[in-house]
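The lines below spell out each chain.
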Amino acid sequence: MTSRSFIEERYRSETPLSAALMSKAAAVLPGGNTRTTSFHPPYPVVIERGDGPWLWDVDKRRYLDLFCNGLSLIHGNNYGPAREAIQTVMQRGTAWSGASREQIEYAELLQDRIKALELLRFTNSGSEACMLAVKAARHITGRPYIVKSMGAYHGSYPDLEAGLYGKRDLEGRALVATFNDVHSYERVMAQHGKEVAAIVIEPVLVTGRVVPPAPGFLTYLQTLARRYGALSIVDDCLMLRLAVGGSAEKFALQPDMVVLGKFIGGGTAVGAFGGSREIMKIFDPTRRGCVFHGGSFNGNLVGCAAGLVTMRDLTAERIAAMDAASLSIRSALARRADALGLEVILTGTGSVAGIAFAADPERHEDDPSALGLAALFHLACLSEGVLIGPGGILSVSTAHDADAVSFAIAGLSAALETVAEFLGSLTH
Ligand SMILES: Cc1ncc(COP(=O)(O)O)c(C=O)c1O
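All figures in this text were calculated on a predicted structure; none of them were measured in a lab.

Engineer: Give me the overall build of the protein: which residues, what numbers.
Structural biologist: Looking only at helices and strands, the protein has 14 helices and 14 strands in total. A compact globule built from 428 residues should have a C-alpha radius of gyration of about 22 Å, and the protein, at 22 Å, falls within 12% of that. For the C-alpha atoms alone, the extent of the protein along its principal axes is close to 70 × 55 × 45 Å. Scored against the burial criterion, the 428 residues of the protein give a buried share of 50%. Sequence-distant contacts, at least 24 apart, represent 72% of the contacts inside the protein between residues at least 6 apart.

Spelled out as structure tokens, the structure:
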């Protein structure tokens, strides 16, 4: 047995029921999976329940949750106030075709917090919201191209998959430039600027590797878009967590449009997109020739009720506490890696951090089945009772208190030691 298989064998031996259920799943779902972003080899654990910063799998193992459903549970698992709000409104139903008080109230709250949202619309996911923002930008400008960063993830909308999964520019639809490289963006815009409807911005790259923006880069993108008469769209599905007003507030941006998703549904499936009155009036059904946007569950009662309490509870103080927790985890890991002589790349912004190994290829998401040190670290973390994002994403929620932070540091440090042991075994 090799050292590599020792890490995997340990994981397999600890998770027999997950393994059995995942092979059952493979009979009905491709690869046993219905969400590529949550897959990792040999198989992810099957979860039984979650509470606060903790998850339990079907083998009754407990994990500290540093992924929080792909950063979509800002107050941790099974957040009491959101659960109660859902239980209360469910006495009246779950969704209907008309509006509800909760829908209007929730739209008001989002409008109040995020300056760019003079008007907004609800969707059922971040992918859908990104797709509709692009649809709006193309309609307004009459131009075909979207410019986005290599490696930026905006969901499962084909036009925004340029720069991912080995795809580059998509003829007539999308162009790719390099994140944090103003010259690369200049070149693309100099060549195609007049055909560009929007620059879609992921303010901090997260999928694959966490890459914070260089100072001034995001405002530069906004200026560049304006110079060419294109819109700037900030995809804040993840980074709304950086400030009460999201990344526009954090990085002093004035985007034309903002896209939201993930935790705005309070643990349920909600997305939203919006912008100035001028832009969003194209969706106004009282106007002739309005742009069509349907969706049976848009702005549904359950999502709006859960989202309302979740966002109300996401205060500046709680954001600051999450940021501090994330920083202490990151700093402790850097010290541990250093002591072990491991070359790791630790990055982060606010409550999101990423750990990558210098020996691994730069990004991994093009091949979710690829093995590298990051994948081994990920499995080693699970064996230590810590669940991180498959690409080395470490996020905290407001539920991650001092005990959770200590547990995270201990578990992640032990997993680093396992990786060091694996590397040591290669040289013997
Ligand atoms: C930045 C960003 N945009 C959009 C999406 C897509 O959101 P959803 O998974 O709700 O479709 C994601 C999901 O991970 C994301 O991280």
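Engineer: Summarise the nonpolar core; cite the residues concerned and give the values.
Structural biologist: Counting residues in hydrophobic clusters, the biggest one holds 132 residues, and the most contacted among them are Ala133, Ala198, Ile233, Met257, Val259 and Val386. Taken together, domain 1 (3–74 + 315–427) and domain 2 (80–312) each give at least three residues to this core, which thus spans both. Contact partners of Val259, with chain neighbours within four places excluded, come to Gly126, Ala129, Cys130, Ala133, Ile233, Asp235, Asp236, Cys237 and Phe273.

Engineer: An account of the environment of Ser351 is needed here, citing residue identities and associated values.
Structural biologist: Inspection of the secondary structure assignment puts Ser351 in the loop between β11 (344–349) and β12 (352–357). Through-space distance from the C-alpha of Ser351 to that of Asp51 is 19 Å; in sequence the pair is 300 residues apart. When near neighbours in sequence (up to four residues on either side) are disregarded, Ser351 contacts Arg241, Met322, Asp323, Ser326, Ser395 and Val396.

Engineer: How would you explain the domain arrangement of the protein if you had to name every residue and give the values?
Structural biologist: By domain assignment, the protein separates into domain 1 (3–74 + 315–427) and domain 2 (80–312). Once you take the C-alpha centre of each, domain 1 and domain 2 turn out to be 27 Å apart. Facing 23 residues of domain 1, the contacting portion of domain 2 comprises 21 residues. Secondary structure elements with two or more residues in the side of domain 1 that touches domain 2: α3 (68–71), α12 (316–340), β11 and β12.

Engineer: Explain the packing of helix α13 (residues 373–383) against helix α14 (residues 402–427) to me, and be specific about the residues and the numbers.
Structural biologist: Remark: α13 packs on α14, axes separated minimally by 8 Å, with the N-to-C direction vectors making an angle of 130°. Overall, the two elements α13 and α14 adopt an arrangement that is oblique. Handedness of the α13/α14 crossing: right-handed. On α14, the residues touching Leu373, Leu376, Phe377, Ala380 and Cys381 of α13 are Gly411, Leu412, Ala415, Thr418, Val419 and Phe422. A per-class count over the contact of α13 with α14 returns nine nonpolar, two polar and no charged.

Engineer: If you had to explain the site of the ligand to someone new, which residues and values would you point to?
Structural biologist: Taken together, the neighbourhood of the ligand is formed by 15 residues, with Ser125, Gly126, Ser127, Gly155 and Cys237 sitting nearest. If you tally residues by element for the shell around the ligand, the top one is helix α6 (residues 126–141), at three residues.

Engineer: Please provide a residue-by-residue account of the sheet that holds strand β10 (residues 271–275), values included.
Structural biologist: Sheet architecture is open: seven strands sit in the order β4-β10-β9-β8-β7-β5-β6, paired in mixed fashion. If you trace the sheet from one side to the other, it starts and ends with β4 (119–123) and β6 (174–177), each paired once. Averaged over all pairs of adjacent strands, the angle between their axes in this sheet comes to 20°, without regard to strand direction. In this sheet, strand β9 (residues 257–260) lies alongside strand β8 (residues 231–235) in parallel orientation, the contact comprising three bridges. Each residue of the ladder has a partner; that of Val234, found in β9, is Val258.

Engineer: Describe unusual backbone geometry, naming the residues involved and giving the relevant values.
Structural biologist: The step from Pro41 to Pro42 runs through a cis peptide bond, and the omega angle for that step is 0°. Phi at Asn78 is positive, roughly 55°, even though this residue is not glycine. Of note, Asn78 is situated in the loop between α3 and α4 (80–89). Given 16 C-beta atoms within 10 Å, Asn78 falls into the partly exposed group.

Engineer: So what's going on with the packing of helix α5 (residues 101–113) against helix α11 (residues 301–312)? Which residues, and what values?
Structural biologist: Put simply, α5 and α11 touch, their axes get as near as 9 Å, and they point 40° apart. As α5 runs across α11, the sense of the crossing is left-handed. The segment α5 lies against α11, with Glu102, Gln103, Glu105, Tyr106 and Leu109 engaging Leu301, Cys304, Ala305, Gly307, Leu308 and Met311. Class assignment for the residues of the contact of α5 with α11 results in seven nonpolar, two polar and two charged.

Engineer: How would you summarise the environment of Ser406 if you had to cite specific residues and measurements?
Structural biologist: Mapped onto the elements of the fold, Ser406 is located in helix α14. Owing to 14 C-beta atoms within 10 Å, Ser406 belongs among the partly exposed residues under this scheme. Residues Ser406 and Leu387, spaced 19 residues apart in sequence, show a C-alpha to C-alpha distance of 14 Å.

Engineer: Just give me the short version of helix α7 (residues 182–192), but keep the residues and values in it.
Structural biologist: For α7, the complete set of buried residues consists of Tyr185, Val188 and Met189. Viewed end-on, α7 has its buried residues packed into an arc of 95°, placing them on one side of the element. In α7, those exposed residues whose orientation departs by more than 90 degrees from the buried face are His183, Ala190 and Gln191. The elements touched by buried residues of α7 are β5 (145–149), β6, β7 (196–201) and α8 (217–227).

Engineer: Pulling in residues and values, what's your account of the sheet that holds strand β1 (residues 47–51)?
Structural biologist: Reading across from one edge, β1-β2-β3-β13 is the order of the four strands in this open sheet, with mixed pairing throughout. Strand pairing shows two members of the sheet lacking a second neighbour, β1 and β13 (386–387), which therefore form its edges. Pairing between β1 and strand β2 (residues 54–57): four bridges, direction antiparallel. Bridge assignment links Arg49 to a residue of β2, and that residue is Trp56.

The rules behind the values
- Residues numbered from 1 in each chain as written.
- Predicted model: local features only at pLDDT ≥ 70, side-chain atom pairs only at ≥ 80, totals over all residues.
- Helix = DSSP H or I, 4+ residues; strand = E, 2+ residues; numbered from the N terminus.
- Rg over C-alpha atoms; globule rule 2.2 N^0.38 Å.
- Buried ≥ 20, exposed ≤ 12 C-beta atoms within 10 Å, placed from the backbone.
- Contact = placed C-beta atoms within 7 Å.
- Core = buried A, V, L, I, M, F, W, Y, C linked by C-beta atoms within 7 Å.
- Domains from an automatic or database assignment.
- Axes fitted to C-alpha atoms, helices over the stretch in contact; angles between N-to-C directions.
- Parallel < 35°, antiparallel > 145°, perpendicular 65-115°, else oblique.
- Left-handed = near helix turned anticlockwise from the far one by under 90°.
- Nonpolar A, V, L, I, M, F, W, Y, C, P; charged D, E, K, R; others polar.
- Near = placed C-beta within 6 Å.
- Pairing = 2+ DSSP bridges.
- Arc of directions from axis to C-beta.

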